[in-house]
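Letter by letter, the chains look like this.
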Amino acid sequence: MNFELQACETSDAGKKPGDALLVLVSSKFVAGSDALSGLIGELLRLGELEAKAGKMVQSHRPQGISATRLVIVHAGEATDKNVRQATSIAINAVKANPLVKAARLHLACDGCVAQLGVAIVAAAEASYVYTTTQSKPEGRRIKKLTVSGRDLMRHASHFDLAVATVRGVELA
């Protein structure tokens, strides 16, 4: 899997085209006026997205969102455990779909940004497919994961370390 780091606000993440937009939100999420933030805020307000770690809502071609598939997962208080769980749930929701080749994991919670490395390792683990001794191996369907969020470039060294960890684990 190829990883890319991109700093962008939640309002911009909804405008980026792609096969899947995977959004992690926390208990501290504050909705903005854009389509994505507004949708998340409404889902939380109506109780469609429970404010508990691991709760998920999916949508296909949501209005105002450029991505084909939208998966929103609540990461609770954005602890290591909750971010790992939420990332795994988001990846598992789209990994079996043959049309999803590239996904964007958007960290729409302040606490999630600090857990950038955890999210990357969890995404790699959730999407991993064993192929070494299979006669007709089919590897990962998701070939590219773009990780985005506000002020992520401050954590570029954490990103590089997490990607290197994933590469090393998969090589071994």
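Structural notes, computed from the coordinates. Starting from 1, residues in each chain are numbered consecutively following that chain's sequence as written. This being a predicted model, a pLDDT of at least 70 is required before a residue's local features are given, and a value of 80 or more before pairs of side-chain atoms are given or counted; all residues contribute to the totals for chains, interfaces and linings. Only hydrogens and water are set aside when side-chain values are computed; all heavy atoms of the structure are taken into account.

### Some details on the pattern of salt bridges
When a carboxyl oxygen of Asp or Glu lies within 4 Å of a side-chain nitrogen of Lys or Arg, that pair is called a salt bridge. A complete count under the given rule lists 3 salt bridges for this structure. Between Lys 144 and Glu 4 there is a salt bridge whose closest N-O contact spans 2.9 Å. Here the residue Lys 144 occupies a position in strand β6 (residues 144-149), and Glu 4 occupies one in strand β1 (residues 2-7), the gap between them amounting to 140 residues. Overall, the relative accessible area of 34% leaves Lys 144 in the partly exposed class. The partner of Glu 125 in a salt bridge is Arg 84, and the shortest N-O contact between them spans 2.9 Å. Pair noted here: Glu 125 is in helix α5 (residues 116-127) and Arg 84 is in helix α3 (residues 80-94), with a separation of 41 residues, a long-range link. When accessible area is computed with a 1.4 Å probe and restricted to protein chains, residues below 20% of their type maximum are described as buried, those above 50% as exposed, and intermediate ones as partly exposed. Exposure remark for Arg 84: the relative accessible area of 33% places this residue in the partly exposed category. Comment: elements are numbered from the N terminus, with helices defined as DSSP H or I runs of at least four residues and strands as E runs of at least two.

### Section: the nonpolar core
Buried residues of nine kinds, namely Ala, Val, Leu, Ile, Met, Phe, Trp, Tyr and Cys, make up a nonpolar core once their side-chain atoms join them within 4.5 Å. Counting residues in each nonpolar core, the largest one holds 38 residues, and the members touching the most others are Phe 3, Leu 22, Leu 107, Cys 112, Leu 116, Ile 120 and Leu 145. For this core, the element with the most residues is α5, which contributes 8 residues. Grouped together as the second largest cluster of nonpolar side chains are 16 residues, Ala 13, Val 25, Leu 43 and Val 57 included.

### A few points about the packing of α3 against α5
Two numbers describe how α3 lies on α5: the axes approach to 8 Å, and their chain directions differ by 40 degrees. In terms of orientation, α3 lies oblique with respect to α5. For the pair α3 and α5, the crossing hand works out as right-handed. For the pair α3 and α5, the contacting residues are Asp 80, Val 83, Arg 84, Thr 87, Ser 88, Ile 91 and Asn 92 in the first and Val 118, Ala 119, Val 121, Ala 122, Ala 123, Glu 125, Ala 126 and Ser 127 in the second. As a rule, the C-alpha atoms of each element are fitted with a line to give its axis, helices using only the stretch in contact, and angles between N-to-C directions run from 0 to 180 degrees. Oblique is the label for any angle not covered by the other classes, which are roughly parallel (under 35 degrees), roughly antiparallel (over 145) and roughly perpendicular (65 to 115). Two helices crossing with the near one rotated counterclockwise from the far one by less than a right angle form a left-handed crossing, whereas a clockwise rotation gives a right-handed crossing. Only heavy atoms enter the contact rule, under which two residues are in contact if any of them lie within 4.5 Å.

### Comments concerning α3
The terminal C-alpha atoms of α3, which comprises 15 residues, lie 22 Å apart, in line with the 21 Å expected from a rise of 1.5 Å per residue. Those residues of α3 not exposed but buried are Asn 82, Val 83, Ala 86, Thr 87, Ser 88, Ala 90, Ile 91 and Val 94. Next to the buried residues of α3 lie β2 (18-25), β4 (67-74), β5 (102-107), α4 (110-114), α5 and β6. Multiplying 1.5 Å by the residue count of a helix minus one yields the expected span of that helix.

### Quick look at the pairing of β2
In terms of burial, β2 is a largely internal element, 6 of the 8 residues being buried. In this scheme, strands are said to pair when DSSP sees at least two bridges between them. As judged from the 7 bridges shared by β2 and β4, these two strands associate in the parallel manner. What sits directly across from Leu 21, in β4, is Leu 70. Relative to β5, β2 runs parallel, the two sharing 5 bridges. Of the residues in β5, the one forming a bridge with Leu 22 is Leu 105.

### Focus on the state of the cysteines
A pair of sulfur atoms, both from cysteines and within 2.5 Å, is called a disulfide here. Applying the stated criterion across every chain, the model contains 1 disulfide. Paired through a disulfide, Cys 109 and Cys 112 show a sulfur-sulfur distance of 1.9 Å. In this structure the cystine formed by Cys 109 and Cys 112 twists about its S-S bond by roughly -80 degrees; its chirality is therefore left-handed. Each member of the pair, Cys 109 as well as Cys 112, carries the same accessibility label: buried. In this model Cys 8 remains outside any disulfide bridge; the closest cysteine sulfur is found in Cys 109, 13 Å from its own.

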